[in-house]
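# Analysis of the macromolecular model
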Amino acid sequence: MQNSRIAVFASGQGSNFAALVAAQQAGKLGAGRIELLVSDKPEAPVAQRAEEAGVPALLLRPKDFASRELYEAEIVAELQRREIGLVVLAGYMRLISPVLLEPYTGRIINIHPSLLPAFPGKDAIGQALEYGVKLTGVTVHFVDGGMDTGPVIAQRSVAVEAVDTAETLAARIHHVEYGLYPEVVAAFAAGKVELDGRQVRIRD
Ligand code: GRF
């Protein structure tokens, strides 16, 4: 497996997918190459974005499979065929089972719109507004069997303003995501991300 061969998994808009593609085109992913988009929603806008960018796509409906394990086994076969070494979850709205986790331990990362461990799960931006925090942000972390529980790789904060709505706060958070995710992906592709238990170090 090569760290530089990347598959992005997404279920929705795909604005992070687009930011990663743009970063690659701008030479900001280092050795990183986006080789594949995987989506569980063939009709999602991200599939269109992949087509426009010329990125091959594996579009599968989980309900077409007898089990989650069989669905993921088909994905793993394609990842291995393409020698993918890094799985980048970008708005992929499904938990990952051991079928994918085991062969890719330490090689699956996710981006989450809060400073974990605060506000895991769905609607992290709404949760932060509801709670009334003054500071939230973005976390990139390794994926384990839990919901947003894996070791933290990088975090960046975003201030919550009194006038913020879910839309205005989301816009600033997304802007931060588009900068942070490509940086982490580039570091991983360069072999600079070291995982030791829950501790993650990015070498210079
Ligand atoms: C992002 O906010 C990301 O943090 C979360 O899902 C959202 C995906 O948005 N995991 P997009 O599909 O990349 O536009």
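Before reading further, recall that the structure is shown in the block above.
## Let's talk about the environment of L89
Assignment of secondary structure puts L89 in strand β4 (residues 84-89). Spatially, the C-alpha atoms of L89 and D123 are 16 Å apart, while their sequence positions differ by 34 residues. Excluding anything up to four places from it in sequence, L89 contacts F9, I96, I108, I109, N110, I111, V143 and Y181.

## Looking at helix α2 (residues 45-53)
One turn of the α-helix equals 3.6 residues, which is why residues spaced by three or four share an orientation. All buried positions along α2 are accounted for by V46, A47 and A50. Angular distribution of buried residues about the axis of α2 spans 105°; they occupy a single face of the element. Residues E51 and E52 are exposed on α2 and point more than 90 degrees away from its buried face. Packed against the buried residues of α2 are α1 (15-25), β2 (33-39) and β3 (57-59). One or two positions beyond α2, positive phi appears at G54, with a value near 75°.

## A word on the nonpolar core
Residues F17, I34, V88, I109, Y181 and V185 are the most contacted members of the largest nonpolar core, which totals 42 residues. For this core, the element with the highest residue contribution is helix α6 (residues 166-189), accounting for ten residues. Beyond its immediate chain neighbours, meaning those up to four positions away, V88 contacts I6, A7, V8, F9, L20, I109, Y181 and V185. Judged by nonpolar contacts, the second largest core, of 20 residues, contains L58, V76, L89 and L100.

## Looking at the pattern of salt bridges
Oppositely charged side chains may form a pair once their charged atoms are brought near each other. Scanning all chains against the criterion turns up nine salt bridges. Residue R5 is joined to E35 by a salt bridge in which the shortest nitrogen-to-oxygen separation is 3.2 Å. Separated by 30 residues along the polypeptide, R5 in strand β1 (residues 2-9) and E35 in strand β2 bring together distant segments of the chain. On the basis of relative accessibility, which here comes to 23%, the residue R5 falls in the partly exposed class. Notably, a salt bridge pairs E194 with R203, separated by 2.6 Å at the nearest N-O pair. We classify R203 as partly exposed; its relative accessible area is 34%. Each of E78, R81 and R82 takes part in salt bridges that share partners, so that together they form one network.

## Here's the deal with the pairing of strand β5 (residues 108-112)
A large share of β5 lies buried, amounting to five of its five residues. Judged by which residues are buried, β5 turns out to be covered on both faces: I108, N110 and H112 on one side and I109 and I111 on the other are all buried. Where β4 lies against β5, three bridges are found, and the strand directions are parallel. Within the sheet, the bridge partner assigned to L89 lies in β5 and is N110.

## With respect to the sheet that holds β2
The seven strands are arranged β3-β2-β1-β4-β5-β6-β7 in an open sheet whose pairing can be described as mixed. Pairing within the sheet leaves two strands with one partner each, and these edge strands are β3 and β7 (152-159). The average undirected angle you get between the axes of adjacent strands in this sheet is 20°. One ladder, built from five bridges, connects β1 with β4; its direction is parallel. Bridging from a neighbouring strand, A7 pairs with V87 of β4.

The rules behind each value
Residues numbered from 1 in each chain as written. Predicted model: local features only at pLDDT ≥ 70, side-chain atom pairs only at ≥ 80, totals over all residues. Heavy atoms only, no water. Helix = DSSP H or I, 4+ residues; strand = E, 2+ residues; numbered from the N terminus. Contact = heavy atoms within 4.5 Å. Buried < 20%, exposed > 50% of the residue type's maximum accessible area, 1.4 Å probe, protein only. Arc of directions from axis to C-beta. Core = buried A, V, L, I, M, F, W, Y, C linked by side-chain atoms within 4.5 Å. Salt bridge = Lys/Arg side-chain N within 4 Å of Asp/Glu carboxyl O. Pairing = 2+ DSSP bridges. Axes fitted to C-alpha atoms, helices over the stretch in contact; angles between N-to-C directions.

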